[in-house]
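# Descriptive structure summary
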Amino acid sequence: MENALDKYECVVGLEVHAQLQTSSKAYSSDPNEYDAAPNHNVSAITLGHPGTLPRFNSRTMEYALRLGIACKSDIREWNEFARKNYFYPDLPKGYQITQDTTPICTGGHIAIKPKGGAEKNIRLQRIHMEEDSGKSIHDQDPFNSLVDLNRAGVPLLEIVTEPDLRSADDAYAYLTEVRKLVRYLDVCDGNMEEGSMRCDANVSVRLKGSETFGRRVEVKNMNSMRNVRDAIEYEMKRQVELIENGETVVQETRGFDASRGITLSQRTKEAANDYRYFPEPDLQPIRIKQEMIEEVRKNLPPLPSELFDRYTKEMGLSEYDAGILTDSKPIALYFEALTQHTKNFKAAANWLMGEVKGYLNDRAMGIEDFPVAPQAIAEIIELIDTGKVSNAIAAQKIFPALTEAPDQSPKAIAESNNWIQESDDGTLKEYVQAALDKYPEKVAEYKGGKKSLVGMFMGEVMKMSRGKADPKKANQMVREMLENA
Amino acid sequence: MKAYTSFAHLQRDLAEGSVNCIQLVEHYLDRIEAHASLNAFLEVYAVEARQRAQEVDAKIKAGNGGRLAGMVIGLKDNICYQGHRLTAASKILGEFESLFSATAVERLLAEDAIIIGRLNCDEFAMGSSNENSAFGPVLNAQDTGKVPGGSSGGSAVAVQAQLCFASLGSDTGGSIRQPASFCGVVGLKPTYGRVSRHGLIAYASSFDQIGPFTHQPEDAALLLEIMAGADAYDSTAALQPVAPYTAQLKEQGPKKVAYLKNALEQPGLDQEVKERTLQTLDRLKAEGYEVTGVDFPYIDYVVPTYFVLSTAEASSNLSRYDGVHYGFRSEDASDIPSTYINTRTEGFGKEVKRRIMLGTFVLSAGYYDAYYSKAQKVRRLIRDFTLEVLQDHDFMVLPTTPHSAFELNANAQDPIAMYLEDIFTVQANLAGVPAVSVPMGNDRHDMPLGLQVLARPFEEGPMLGFSSYLMNNIFSQS
């Protein structure tokens, strides 16, 4: 079987639904909140009462533009809305307002870096605006299904890829990038566990080298990135097994059962569903002017891929470091601020990923709540670079003191605690001379070839200076004076 | 009590104190009771109307009455009025009460109109005879053996029988103009988008318009002036400023009028309707009007195009009545499919179901292009043709209906015959232009006939001015 699997490759296209963080819903002024009491944010419009009409929230469009511009998609000028008709208790109007033939964005791509693979671009087919349905809850009441319409009408962007993904790892990497992107753009919190980012996968397999696609299966119900990866892996094995056994893959919708790690056939009714799309007569088409696009482009935050390139190519950081720094927007923004105050990028990266992250991790804190300003961290780096304090003093003494008293300057803290190291040549020379004078026999031994005695003299110098001697300088001076003694 | 058919007269008497709102409301309440057999009202808000009459009387006395102070109005029961039941003359809405008022209603109330009740109609505004109401047919007050037309039959009869001063209806394919014609009153369908649809139960969203029934074009102009205008709750409501219609009523002298030659050659057209229309045109010519006959190449397609598109939209608009969230739910609802199937089977009437099925069919995979898309294209042709004719002519004139009101049950078994009743009215809805039915006297059966006037979009003012001219200078001489 393992061998058979090697002959095949899987072809995956993903549909991601990103719930937008607008303050109100897509077609009403109802608040868009995740944790409101059930059926709390439901006006007559959300409830689909007779006589109500949708009112388009232009924020939805702005968010779609942010994502579309970031993905280098083509932006459509003339946007129509469409109705997708189907009956379900959590769909109060009996149709969903979406976009059918005129998605706001077409084309574009998202670059991914799959585990152990080279970077590649995943092409996007389209991004379109639509509204969410309510939630049906089947497991809280033994006799009834419950419906919560708070989510009904919340704006969504549906992001559809071309079938460009070739493995479960590709899918995982893609979702990682999408999540990063929507978070950077402040359009969606990217939380798959809470359902604010959802993903369906179209999976097929084919013999490697084949140009045609196999029959695809749509997999739903995956509420984490890991689930998506596991579901695709399972699906690939299942489909290859079917083909190897001479059976055919049925085109259907399957649900992922995370507890068992398998996919199960859902109603094949889905395939037969005729959504009867037609233009939404209650909304005027929206014209997106070039100025509007430029306005959004101008205000676009830095993108993780751009930062990554800059960190690796211009700042000389490793891909590993750049990856960690750009992984989350707040960290990246802190680093951006930090590099406004120091040009020692490597040290800035090390401090952020080392001491600062350690501090945050110990307290399960986000960098948003970190009390120390980037300028202060830059000042510590400056103190080290000018030899005023050692790395050890900075990390073990100054940094902890600074987190306790973030208003003070690191330099002031070091001075008031007498932590500024003595790199003044005259003073240092006196200490070294004193140490040499104290142990003349050891000097002789050194001269006789016992070079390791440098350490002993260093210890003596540090003792005399109460740890304030610049170790690098002291070491150098000890060697010089021993040689010349 | 005088029978008021002109609001200007009524306002003058109110100002003089020779009549007050309480008396008016009592008068109408008496008449509603006396004519209950017409079945025009589904509910009468007697207590509320009396209370509001007192408030408005106080305002009039204080000299700060609104522009509609003293106007007693009935609402077609597909228009939302906060805290009041709303049925669309269907069983499926059950005991549903609206949480809000339609924008049009809000604007009437803001000018001190008094709302006296909700009016019967065809279920979900689908019908041309008012025989499709779950609450029984409305009868024509001129001859109770005849239909009042539909779908706004109750609204037409309420004004015809003077059960209220004016009423609101809705017009998707002729539902204001056709009953106005059958009942001998003025019925106005404004330009599409002129009056907000917020609070109007949707039948076919790209056609629906709220409009008034009155005795005089002047009062239709007044009501439109107050109801019309942009509305944040309806993005299809036109942003164009509202013209001062009441100041545009003076006929500005002879104009160019077009009529559709082949419309007058339609098979089902009553000879007398044709003759009366031609006589009107002759009189206009005699008065110096330039009258031109044009051929309407798409006349055979207007009804099919209208039915494909309106039912498509309706099939989607009526999906929300599913027994889940509000209104009627079948007692045999035990799971999702039975909730939907039994609720909708029991809750909707036959005609509504017929149109939902038709609309679902034309939107289905494999049929969309053959029906829906094609009908969209034909609609564009009809619209372009209509606008082109109106480019060269100020008005287009044609009969409102092929004949006067027919007998109850005459068309009940033949939906196609019933659909063809709309042949002269659907053009204005397909094109989105304003149209009005103006009473032109009774026919040989002593039943009212109406003449229809169409105008360029947003030119309701001149159109109503011309209507007034027709009523006062042309028809009155016959």
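Moving on, we come to the overall build of chain A. Of regular secondary structure, chain A possesses 17 helices and 17 strands. Taking the principal axes of its C-alpha atoms as reference, chain A extends roughly 100 × 55 × 50 Å. The burial tally for chain A puts 51% of its 485 residues in the buried class. For chain A, contacts bridging at least 24 residues in sequence account for 69% of all contacts bridging at least 6. Taken as a whole, chain A presents about 22800 Å² of accessible surface, with 46% of it coming from carbon and sulfur. Looking at charge distribution, chain A has the averaged site of its 62 positive side-chain charges lying 2 Å from that of its 76 negative ones.

The next thing to look at is the sheet that holds strand β4 (residues 166–171) of chain B. Strand pairing in a sheet takes place through backbone hydrogen bonds and is either antiparallel or parallel in direction. Residue and element names in this part refer to chain B. The strand order across the open sheet formed by 11 strands is β1-β3-β2-β4-β6-β5-β10-β11-β9-β7-β8, and the pairing between neighbours is mixed. Two strands bound the open sheet, and with one partner strand each, they are β1 (41–44) and β8 (290–294). Neighbour-to-neighbour, the strand axes of the sheet open up by a mean angle of 25°, direction not taken into account. As defined by bridge partners, strand β9 (residues 395–399) adjoins strand β11 (residues 448–455) across 5 bridges and the pair is classed as antiparallel. Its bridge partner being in β11, Met396 is matched across the sheet by Leu454. On the sheet, helix α2 (residues 21–34) packs against β1, β2 (72–76) and β3 (114–119) and is oriented at approximately 15° with respect to β3. In the packing of helix α3 (residues 46–62) onto the sheet, contacts are made with β1 and β3, and the angle to β3 comes to roughly 160°.

The subject of this paragraph is the sheet that holds strand β5 (residues 95–98) of chain A. Judged by pairing direction, the sheet is antiparallel, and its 3 strands sit side by side in the order β5-β4-β16 (chain A) without closing on themselves. Edge positions in the sheet fall to β5 and β16 (278–279) of chain A, since each of these pairs with one other strand and no more. Pairing analysis gives 2 bridges linking strand β4 (residues 82–85) of chain A to β16(A), with the strands arranged antiparallel. The residue bridging Arg83(A) from the neighbouring strand is Phe278(A), located in β16(A). Lying over the sheet, helix α9 (residues 302–317) of chain B contacts β4, β5 and β16 of chain A, oriented at roughly 60° with respect to β4(A).

Next up on the list: unusual backbone geometry. Residue and element names in this part refer to chain B. Cis peptide bonds are those with omega within 30 degrees of zero, and the linkage from Gly150 to Ser151 qualifies with 5°. By the secondary structure assignment, Ser151 is in the loop between β3 and α5 (153–160). The phi torsion at Ala88 lies on the positive side, around 55°, for a residue other than glycine. Along the chain, Ala88 turns up in the loop between β2 and α4 (103–110). Ala88 sits in the buried class, given a relative accessible area of 0%. Phi angles above zero are rare outside glycine, and Ala125 is one such case at about 65°. Here Ala125 lies in the loop between β3 and α5.

Residues and elements named next belong to chain B. Among the residues making up α4, those that are buried are Thr103, Ala104, Val105, Leu108 and Leu109. Buried residues along α4 sit against α3, β2, β3, β4, β6 (209–214) and α7 (217–227). Looking at the residues trailing α4, positive phi occurs at Asp112, about 75°.

What follows concerns the interface of chain A and chain B. Taken residue by residue, the interface counts 30 residues in chain A and 40 residues in chain B. Our enumeration of links across chain A and chain B arrives at 1 salt bridge. Taking the shortest distance from any N to any O, the salt bridge between Asp282(A) and Arg197(B) comes out at 3.0 Å. Our enumeration of links across chain A and chain B arrives at 16 residue pairs in polar contact (both at pLDDT 80 or more).

On to the pattern of salt bridges, then. Enumeration according to the criterion identifies 52 salt bridges over all chains in this entry. Asp164(A) is the salt-bridge partner of Arg123(A), the closest N and O atoms lying 2.7 Å from each other. Within this pair, whereas Arg123(A) is found in strand β8 (residues 120–131), its partner Asp164(A) is found in the loop between β11 (155–161) and α3 (168–184), the two being separated by 41 residues in sequence. On the accessibility criterion, Arg123(A) (45% relative accessible area) is partly exposed. Here the salt bridges do not stand alone but share partners, grouping Arg83(A), Glu280(A), Asp282(A) and Arg197(B) into one network.

Below, the discussion takes up the domain arrangement of chain A. By a widespread convention, an interface's size corresponds to the accessible area lost as its parts come together. All names here are of chain A. The domain architecture assigned to chain A consists of domain 1 (2–292), domain 2 (302–416) and domain 3 (425–483). For domain 1 versus domain 2, the separation of C-alpha centres amounts to 38 Å. Opposite the 8 residues of domain 1 that make contact, domain 2 presents 11 residues. Summed over both sides, the interface of domain 1 with domain 2 buries roughly 760 Å², with 65% coming from carbon and sulfur.

Residues and elements named next belong to chain A. On the surface, a cluster of negative charge is made up of Glu33, Asp35, Asp189, Glu193 and Glu194. Looking at where Asp189 falls in the secondary structure, it is placed in the loop between α3 and β12 (197–207). Judged by its relative accessible area of 30%, Asp189 falls in the partly exposed class.

Time to look at the packing of aromatic side chains. Residues and elements named next belong to chain A. Counted by the stated rule, this structure contains 33 aromatic pairs over all chains. Between the aromatic rings of Tyr359 and Phe399, the centroid separation amounts to 6.1 Å while the plane-to-plane angle is 85°, which identifies the pairing as edge-to-face. Of this pair, Tyr359 sits in helix α10 (residues 345–362) while Phe399 sits in helix α12 (residues 391–404), and the two are 40 residues apart along the sequence. In terms of burial, Tyr359 and Phe399 fall into one category: buried. A connected cluster of aromatic rings, assembled from ring pairs, spans Tyr334, Trp351, Tyr359, Phe370 and Phe399. Taking NZ or CZ as reference, Lys451 lies 4.6 Å from the ring centre of Tyr446, over its face.

Reading guide: rules and limits
Residues numbered from 1 in each chain as written. Chains lettered and ligands numbered in written order. Predicted model: local features only at pLDDT ≥ 70, side-chain atom pairs only at ≥ 80, totals over all residues. Heavy atoms only, no water. Helix = DSSP H or I, 4+ residues; strand = E, 2+ residues; numbered from the N terminus. Buried < 20%, exposed > 50% of the residue type's maximum accessible area, 1.4 Å probe, protein only. Contact = heavy atoms within 4.5 Å. Areas by Shrake-Rupley, 256 points an atom, 1.4 Å probe, with all protein chains shown as cover. Lys, Arg positive; Asp, Glu negative; His and termini not counted. Charge placed at Lys NZ, Arg CZ, Asp CG, Glu CD. Pairing = 2+ DSSP bridges. Axes fitted to C-alpha atoms, helices over the stretch in contact; angles between N-to-C directions. Salt bridge = Lys/Arg side-chain N within 4 Å of Asp/Glu carboxyl O. Polar contact = N/O pair within 3.5 Å; in protein donor to acceptor, adjacent residues only side chain to side chain. Domains from an automatic or database assignment. Buried area = accessible area lost by both parts, 1.4 Å probe. Patch = residues over 30% accessible without salt bridge, like charges linked within 9 Å, V, L, I, M, F, W, Y side chains within 5 Å. Phe/Tyr/Trp six-rings, centres within 6.5 Å; stacked < 30°, edge-to-face > 60°. Lys NZ or Arg CZ within 6 Å of the ring centre and 35° of its normal.

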